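In case you want the letters, here they are:
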Amino acid sequence: MQEPAHARRLDWLAQILGETPTRVSRASEDASFRSYWRVETTARTLILMDAPPAREDLGGWLDINARLRAAGLHAPEVLAVDPAQGLLLMEDLGTRTYLPELTQASADALYADALDALLRMQTTVDVAGLPAYDRERLIGEMELLPEWFLKRHLGCTISCEERDIMEAAFTFLVHAADEQPRAFVHRDFHSRNLMIVEHVAAAAESALLANPGIIDFQDAVVGPVTYDLVSLLRDCYIEWDAERVAGWVESYRLRLQSSHLLGPEVSAARFSRWFDLMGLQRHIKVLGIFCRLWYRDGKRQYLDDLPLCWRYAITVARRYPELQAFAALLEGALGERDMRVPRELPPA
């Protein structure tokens, strides 16, 4: 017997396509309340997004999708939408995300495409009316660390002195973010949200950058110019050696200057500092988010990604004198624990 939600999706697809799909199967997992389904018909495959209106803003997704495509980026083409039901039918970008395709041999070519797309996003996408990645938003994200990682996951009690240390660190990171030029920020521009698209002919004919395909962009904002760069190059799911990352970062700094998004006075050292500290803000947030995904949403797999985020965060925090106390606080809180092991079960 079909679940009501699945029957509702099938009914809508039959109306839109004029035929019953030959198969509808789960296309991917997601950290939100959205679900994605691969729809197979006699002629092609498509992707159905089910975004419950009470939980997800389909309008925001549609807005950012249109902005990206208008700038010539390969966000999926929308074929049909029903806002009342939260259903959206779109182009299938395939199954080849960057993450399993990235190797020592392939990384330069794949990141070249991704950095081309990033530069176009930052210089071409219309940002009018988008929310600002401001102090309130940045601080709010970092507050996920004490709430979900330190308290809920590690079982720590935070003293007034430790709270002061965290607040000082958070303020320092926000000041570093405020120094940077502003641009379009995808917010999750990484290896699980970039696709190698095989059906490139139609994209080429429409002047889209065929690759990478770009997904999960609905939370876009206007913010610091290094945010998406660090999301890509200090990816929470894959790690590269520091020298290679530094080379990619410096090459991109020069491209930003050539595009006049970055002034000639911004040295390699200053840009690298921005990159470091923006990455620390992001990884502080992600440590909290990955724990919340288990304790609130029952998504266990993200706990296995904590060690890499932790390593990024501690490495950067130790590097800056202003963050030494913060680094010591984090290391003391973790102790000898295996952070991949949950402290308690999620709610039923």
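Structural data are supplied above this passage.
Keep in mind that what you see is a predicted model, and the values were worked out from it rather than measured. (Residues numbered from 1 in each chain as written. Predicted model: local features only at pLDDT ≥ 70, side-chain atom pairs only at ≥ 80, totals over all residues. Heavy atoms only, no water.)

1. Observations concerning helix H11 (residues 268-295)
Condition: Strands are runs of DSSP state E lasting at least 2 residues, helices are runs of H or I lasting at least 4, and numbering of each runs from the N terminus. What a helix should span is 1.5 Å times the count of its residues minus one. Residue burial is assigned from relative accessible area. The probe radius is 1.4 Å, only protein chains are included, and a residue is buried under 20% of its type maximum, exposed over 50%, and partly exposed in between.
With 28 residues, H11 should reach 40 Å at 1.5 Å per residue; the first-to-last C-alpha distance of 41 Å fits that figure. For H11, the buried fraction is high: 21 of the 28 residues fall into the buried class.

2. Focus: the pairing of strand E5 (residues 87-91)
So the rule is basically this: When DSSP finds at least two bridges between two strands, those strands are taken to pair.
Along E5, 5 of the 5 residues are buried, which leaves the element largely enclosed by surrounding structure. With 5 bridges connecting them, strand E3 (residues 45-50) and E5 associate as antiparallel partners. By the bridge assignment, methionine 49 is partnered in E5 with leucine 88. Sheet topology note: the strand E4 (residues 78-82)/E5 ladder contains 4 bridges and is antiparallel. Bridging across to E5, aspartate 82 finds its partner in leucine 87. Here E4 folds back onto E5 in antiparallel fashion, the turn holding 4 residues, of which glycine 86 has a positive phi close to 70°.

3. Here's the deal with the packing of helix H7 (residues 160-178) against helix H13 (residues 324-334)
The relative placement of two packed helices is expressed as an angle between their axes plus a distance between the axes. Let me state the cut-off plainly: Here an angle of 0 to 180 degrees is reported between the N-to-C directions of two axes, which are lines fitted to C-alpha atoms, with helices fitted over the stretch in contact. Here is the rule for angles: anything less than 35 degrees is roughly parallel, anything more than 145 is roughly antiparallel, 65 through 115 is roughly perpendicular, and the remaining ranges are oblique. Handedness of each helix crossing follows the sense of rotation of the near helix against the far helix: counterclockwise by less than a right angle gives left-handed, clockwise gives right-handed. Whether two residues are in contact is decided by their heavy atoms: any pair within 4.5 Å suffices. Polarity classes work like this: nonpolar for Ala, Val, Leu, Ile, Met, Phe, Trp, Tyr, Cys and Pro, charged for Asp, Glu, Lys and Arg, and polar for all others, with Gly in that last group.
Remark: H7 packs on H13, axes separated minimally by 9 Å, with the N-to-C direction vectors making an angle of 130°. What the angle tells us is that H7 and H13 run oblique. Seen along the crossing, H7 lies across H13 with a hand that is left-handed. Of H13, the residues touching H7 (which contributes Glu162, Ile165, Met166, Ala169 and Phe170) are Ala325, Phe326 and Leu329. Grouping the amino acids of the contact of H7 with H13 by side-chain chemistry returns 7 nonpolar, no polar and 1 charged.

4. Considering the side chain of arginine 38
Under the convention used in this document: Identification of polar contacts relies on pairs of N or O atoms within 3.5 Å, with a donor-acceptor requirement for protein atoms, meaning one able to donate a hydrogen and the other able to accept it, and with residues adjacent in sequence counted only if both atoms are side-chain atoms.
Topologically, arginine 38 is positioned in strand E2 (residues 35-40). Classification of arginine 38 as buried rests on a relative accessible area of 14%. Polar contacts involving the side chain of arginine 38 include one to the side chain of aspartate 92, which spans 2.9 Å. A polar contact of 3.1 Å, which involves the side chain of arginine 38, links it to the backbone oxygen of glycine 94. In this structure arginine 38 touches Arg23, Val24, Ser25, Ala27, Thr45, Leu46, Ile47, Asp92, Gly94 and Thr95, once residues within four positions along its chain are discounted.

5. Describing the pattern of salt bridges
To be explicit about the condition: Definition used for salt bridges: Asp or Glu carboxyl oxygen within 4 Å of a side-chain nitrogen of Lys or Arg.
All told, the structure shown has 27 salt bridges when counted by the stated rule. The closest approach of N and O atoms between arginine 187 and glutamate 141, which form a salt bridge, is 2.4 Å. Pair noted here: arginine 187 is in the loop between strand E6 (182-185) and strand E7 (194-195) and glutamate 141 is in helix H5 (residues 135-142), with a separation of 46 residues, a long-range link. With respect to class, arginine 187 is no different from glutamate 141; both count as buried. Here aspartate 338 makes a salt bridge to arginine 340, at a shortest N to O gap of 3.0 Å. Each of Arg8, Arg9 and Asp50 takes part in salt bridges that share partners, so that together they form one network.

6. With respect to the state of the cysteines
To keep things clear, this is the line we draw: Defined by distance alone, a disulfide is two cysteine sulfur atoms within 2.5 Å.
Summed over all chains, the structure comprises 0 disulfides. Its sulfur unpaired, cysteine 236 is 3.5 Å from the next cysteine sulfur, which belongs to cysteine 309. Given a relative accessible area of 5%, cysteine 236 falls into the buried group. Under the relative-accessibility criterion, cysteine 309 is labelled buried at 0%.

7. Examining the layout of surface pockets
The condition is simple: Only protein atoms enter the 1 Å grid used here, on which a cavity is any set of points holding a 1.4 Å probe that cannot leave and a pocket is any open set flanked by protein within 12 Å on both sides along at least five of seven lines; residues with an atom within 4 Å of a point are listed as lining. Grid points are joined across faces, edges and corners, and a volume is the space filled by probe spheres set on the points.
Put simply, the second largest pocket is a space of about 340 Å³. Together, 20 residues line the second largest pocket, and Arg234, Ala242, Val245, Asp276 and Arg319 are the ones closest to its centre. Going through the elements one at a time, helix H10 (242-258), H11 and helix H12 (306-319) are the ones with two or more residues in the lining of the second largest pocket.

8. Observations regarding the packing of H10 against H11
It is the contact of H10 with H11, at a shortest axis distance of 10 Å, that shows an interaxial angle of 115°. The angle between H10 and H11 places the two elements in the roughly perpendicular class. Along this stretch, H10 crosses H11, giving a crossing that reads as right-handed. On the side of H10, the interface is formed by Val245, Val249, Glu250, Arg253 and Leu256, while H11 contributes Ala268, Phe271 and Phe275. A breakdown of the residues in the contact of H10 with H11 according to their chemical character gives 6 nonpolar, no polar and 2 charged.

9. What to know about the sheet that holds E2
Reading across the sheet, the 5 strands line up as E1-E2-E3-E5-E4 and stay open at both edges, with antiparallel pairing between neighbours. Looking at the sheet topology across the chains shown, the edges are occupied by strand E1 (23-28) and E4. Strand-to-strand twist across the sheet, computed as the mean angle between neighbouring axes with direction ignored, equals 25°. Against the sheet, helix H1 (residues 4-17) contacts E1, E2, E3, E4 and E5, and its axis sits at roughly 55° relative to E5.

10. Observations concerning unusual backbone geometry
Cis rather than trans, the peptide bond between asparagine 211 and proline 212 has omega equal to 0°. Relative to the assigned elements, proline 212 resides in the loop between helix H8 (201-205) and strand E8 (213-214). If you check the backbone angles, arginine 187 has positive phi at about 90° while not being a glycine. For arginine 187, a relative accessible area of 14% translates into the label buried. With a phi close to 55°, aspartate 216 is a non-glycine residue in the positive phi region.

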